[in-house]
Amino acid sequence: MPIKAILTDIEGTTSAVSFVFDVLFPYAREHLPAYIRSHASEPAVAAQLEAVRGESGEADADIERVIEILLGWIASDRKVTSLKALQGMVWAQGYRAGQLKGHVYPDAVAALREWKGQGYALYVYSSGSIQAQQLIFGCSEAGDLTPLFSGYFDTTSGHKREVASYQRIAEAIGVPAVEVLFLSDVVEELDAAQQAGMCVCGLGRDGGVLGKHETVASFAQIDPRRY
Ligand SMILES: CSCCC(=O)C(=O)COP(=O)(O)O
Ligand SMILES: [Mg+2]
């Protein structure tokens, strides 16, 4: 079956791991405490703080304890939905202030533009919140790339190593899984997508190979017509 939709991961795939670990996470670490202290009563923030209490099992945690929990989760790169939502809100301030510019590999920008022109529907699936995804592509070094995408998926669709997440996404896109090509730098994510029936291609930006999966070092080496 020909590919109709391409679903891509961000960190390590369209964008450098170092941008996430050396720029985004330190920015969140620095600005998240003040952001939470000053926005804690806003419904969108309060709901995520409640979710942190639920996820951590510390129902009575005060604001300072919640901040401590969140900083611990950033340090250990936990992909918890509430942390990701709060990080997105904090990064929004940085992008708005011009302190952050999203990194997207030039080969990814070129290929995504080409595939869009060829009629493929493009989607993003990242552990970063949908807000964070729209920011990295909307405020990227290559300009606003959001017109390229037809939709975004985050951990509210399920975790990236779970087969059911990819089944849910295929259903939401309205394209059979076999007609979706998923791109990622993580073997377990490729395994899960493949088990859901998707075609997969690994991105080994350092030249490495991802398990048994076909792996390329650049988007320039991917031809969706081959699947
Ligand atoms: C959407 S940019 C922020 C990246 C992030 O927070 C993250 O956890 C990256 O996860 P990915 O699923 O893109 O590897
Ligand atoms: Mg990744």
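Residues numbered from 1 in each chain as written. Chains lettered and ligands numbered in written order. Predicted model: local features only at pLDDT ≥ 70, side-chain atom pairs only at ≥ 80, totals over all residues. Heavy atoms only, no water.

**Structural notes on the site of ligand 1**
Right, so step 1: Neighbouring ligand 1 are 14 residues, the closest being K79, K84, S126, S127 and K160.
Right, so step 2: In this structure, an oxygen atom belonging to ligand 1 sits 2.8 Å away from a side-chain N or O atom of K79.
Right, so step 3: Within the side chain of S126, one N or O atom sits 2.7 Å away from an oxygen atom of ligand 1.
Right, so step 4: In isolation ligand 1 has 400 Å² of accessible area, and contact with the protein removes 98% of it.
Right, so step 5: Using a 2 Å cut-off from the grid points, one finds that ligand 1 occupies the largest pocket. (Near = heavy atom within 4 Å. Polar contact = N/O pair within 3.5 Å; in protein donor to acceptor, adjacent residues only side chain to side chain. Areas by Shrake-Rupley, 256 points an atom, 1.4 Å probe, with all protein chains shown as cover. 1 Å grid on protein atoms, 1.4 Å probe; cavity = no way out; pocket = protein on both sides within 12 Å on 5 of 7 lines; lining within 4 Å. Sits in = over half its atoms within 2 Å of the grid points.)

**A short note on the coordination of the magnesium ion (ligand 2)**
Right, so step 1: Distances from the magnesium ion (ligand 2) to its protein donors, D9 (OD), E11 (O) and D185 (OD), fall at 2.1 to 2.2 Å.
Right, so step 2: For the magnesium ion (ligand 2), all donor residues lie on one chain, and their spacing in sequence is D-x1-E-x173-D. With D9 in the loop between β1 (5-8) and α1 (17-39) and D185 in the loop between β4 (180-184) and α8 (187-195), this pair connects stretches of sequence that are 176 residues apart.
Right, so step 3: In this structure D9 comes out as buried when scored by relative accessible area, which is 3%. (Donors = N, O, S within 2.8 Å, 3.2 Å for Na, K, Ca; no water. Helix = DSSP H or I, 4+ residues; strand = E, 2+ residues; numbered from the N terminus. Buried < 20%, exposed > 50% of the residue type's maximum accessible area, 1.4 Å probe, protein only.)

**Thoughts on the layout of surface pockets**
Right, so step 1: Taken as a whole, the largest pocket spans an internal volume of roughly 410 Å³.
Right, so step 2: Contributing to the lining of the largest pocket are 23 residues, with E11, K79, S126, S127 and G128 lying nearest its centre.
Right, so step 3: Counting only elements with at least two residues in the lining of the largest pocket, the list comes to α1, α4 (81-96) and α6 (130-138).
Right, so step 4: Here the lining of the largest pocket takes 4 residues from α6, the largest share from any one element.
Right, so step 5: Looking at the lining of the largest pocket, its residues break down into 10 nonpolar, 5 polar and 8 charged. (Points joined across faces, edges and corners; volume = space filled by probe spheres on them. Nonpolar A, V, L, I, M, F, W, Y, C, P; charged D, E, K, R; others polar.)

**Describing the confidence of the model for the chain**
Right, so step 1: For the chain, the mean per-residue pLDDT works out to 97, and 100% of the residues sit at or above 70.
Right, so step 2: Per the prediction output, this complex has pTM 0.96; the corresponding ipTM is 0.96. (pLDDT = per-residue confidence, 0-100.)

**Observations regarding the packing of aromatic side chains**
Right, so step 1: Taken as a whole and judged by the stated rule, the model has 8 aromatic pairs.
Right, so step 2: When the ring of F25 is compared with that of W91, the centres are 6.4 Å apart and the planes differ by 10°; the resulting orientation is stacked. One end of the pair, F25, is in helix α1; the other, W91, is in helix α4, and 66 residues separate them in sequence. Accessibility assignment for this pair places F25 and W91 in one class, buried.
Right, so step 3: Residues F149 and Y152 carry aromatic rings whose centres are separated by 5.9 Å and whose planes lie at 50° to one another, so their mutual orientation is tilted.
Right, so step 4: Judged by its relative accessible area of 8%, F149 falls in the buried class.
Right, so step 5: Three or more aromatic residues link up through ring pairs in this structure, and these residues are F21, F25 and W91.
Right, so step 6: Its guanidinium or amino end placed over the ring of Y125, K160 lies 5.6 Å from that ring's centre, counting from NZ or CZ.
Right, so step 7: If you follow R226 out to its NZ or CZ, it ends over the ring of Y227, 5.3 Å from the centre. (Phe/Tyr/Trp six-rings, centres within 6.5 Å; stacked < 30°, edge-to-face > 60°. Lys NZ or Arg CZ within 6 Å of the ring centre and 35° of its normal.)

**Some words on the nonpolar core**
Right, so step 1: Counting residues in each nonpolar core, the largest one holds 59 residues, and the members touching the most others are L70, L86, W91, W115, L183, F219 and I222.
Right, so step 2: The biggest single contributor to this core is α1, with 9 residues.
Right, so step 3: When neighbours within four sequence positions are excluded, W91 is seen to be in contact with L24, F25, Y27, A28, L100, A132 and L135.
Right, so step 4: Core analysis: the second largest hydrophobic core is formed by 20 residues, F153, I173, V175 and L190 among them. (Core = buried A, V, L, I, M, F, W, Y, C linked by side-chain atoms within 4.5 Å. Contact = heavy atoms within 4.5 Å.)

**What about the pairing of β4?**
Right, so step 1: For β4, the tally of buried residues reaches 5 of 5 residues, placing the bulk of the element in the interior.
Right, so step 2: Neither face of β4 is left uncovered, since the one carrying V180, F182 and S184 and the one carrying L181 and L183 both have all their residues buried.
Right, so step 3: Bridge analysis of β1 against β4 gives 4 bridges, and the strand direction is parallel. The residue bridging A5 from the neighbouring strand is V180, located in β4.
Right, so step 4: Sheet topology places β4 next to strand β5 (residues 199-203); 4 bridges connect them, and they run parallel. (Pairing = 2+ DSSP bridges.)

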